[in-house]
Amino acid sequence: MHTVTAPPLFPLLTSSPFSYFISTAYDWSGDEVFLEKAHDLGKRLFKAVDSNPLGIPYGQVNLATGAVHNIPWTGDNSITAEFGTIQIEFRMLARLTGNKQFKEKSENVFKILKDMNPPHGLYPYFVRNTGSRPEFSNDKLTFGAMGDSFYEYMLKVWLQGGKTEPMYREMYDHSIQGMHDELLQVSSPSGLVFIADKNGGRLDTKMDHLVCFMGKSMDPRNAICHMTDMTLQYPLIHQTILLPLSLQRRLVGSRGLHRSAGAQLGTGSARFENWKGA
């Protein structure tokens, strides 16, 4: 006889089916079994939140044993886009089960990050959560992988709360203004608008494909867009969403990396060779 244990799971990667259990299966059917399963999974995942005295969740939790730790390849750091994208699910679970800790402790993550107050509202994607206090442990700024969904959740949590919790909207507006000021660029000669990364204070003039969510967020036709977006002279809704697709036909061949018109398209991102601030 041997004991079978569940592998470590990432709270972020399990949040989507977790949300599905609650918002789709339970809300649609009213069958308590779905809520029971969601509650059970939520309690197991919540150990990654509840076990850290600094308030920044660990990156992994073993669903069988409850053991928590950060993902090894992060250098014992937690990732902004992971611990910053569990709030909607835990808030909903708190409402359905009456367990206020799900809501309060997951929301506290945003309060901690707001108090850390990075310049321009732009958050590096590694946070050390094992010392005497939480601190950023790198200086990579991106709206792409490992940062992307954290910025989305600022707005989504605000909307989930009926637009009655100003902290989330204020954080979002501050971050989007920072993006405009620090990361928004225009390629040359094509005039393509893109959102660059910044690493060590230096621009990395590529646009990760995961940044594509920003197109609709910044569309001036969107009633919840940031005010600066209203005056943008560039149609970001088309460029940030369609850029990888339109460039793909021209730039990507069998080797996956070709260049044209001052741009290169590789796996997962477009890189711009000539650019200027927007």
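This structure is a prediction, so every number in the text was calculated from the model and none was measured.

How each quantity is defined
Residues numbered from 1 in each chain as written. Predicted model: local features only at pLDDT ≥ 70, side-chain atom pairs only at ≥ 80, totals over all residues. Heavy atoms only, no water. Pairing = 2+ DSSP bridges. Helix = DSSP H or I, 4+ residues; strand = E, 2+ residues; numbered from the N terminus. Phe/Tyr/Trp six-rings, centres within 6.5 Å; stacked < 30°, edge-to-face > 60°. Buried < 20%, exposed > 50% of the residue type's maximum accessible area, 1.4 Å probe, protein only. Lys NZ or Arg CZ within 6 Å of the ring centre and 35° of its normal.

Asker: Go over the sheet that holds strand β4 (residues 78–79) with me, naming the residues and quoting the values.
Answerer: The pairing of strands in a sheet happens through backbone hydrogen bonds and is either parallel or antiparallel. In space, the 3 strands of this open sheet follow the order β4-β5-β6, with antiparallel pairing throughout. The open sheet terminates on both sides in strands that have one partner only, identified here as β4 and β6 (135–136). In terms of strand pairing, β4 meets strand β5 (residues 126–128) through 2 bridges, oriented antiparallel. Paired with Ile-79 across the bridge in β5 is Phe-126.

Asker: Can you explain the sheet that holds strand β11 (residues 202–204)? Please cite residues and give values.
Answerer: Pairing within the open sheet is antiparallel, and its 3 strands lie in the order β7-β10-β11. The two strands at the open ends of the sheet, each matched to only one other strand, are β7 (140–141) and β11. Here β7 pairs with strand β10 (residues 197–199) via 2 bridges, running antiparallel. Pairing of Lys-140 across the sheet is with Asn-199, part of β10.

Asker: Describe the packing of aromatic side chains, naming the residues involved and giving the relevant values.
Answerer: Under the counting rule described, the total for this entry stands at 11 aromatic pairs. Plain terms: the ring middles of Phe-46 and Phe-102 are 5.0 Å apart, the flat faces sit at 85° to each other, and that makes the pair edge-to-face. In this pair, Phe-46 is assigned in helix α2 (residues 32–50) and Phe-102 in helix α5 (residues 100–116), connecting sequence segments 56 residues apart. Phe-102 carries the same exposure label as Phe-46, and that label is buried. Clustering of aromatic rings is evident, with ring pairs tying together Phe-110, Tyr-123, Phe-136, Phe-143, Phe-150, Tyr-151 and Tyr-168. When the ring centre of Trp-158 is taken as reference, the NZ or CZ atom of Arg-169 above it lies at 4.8 Å.

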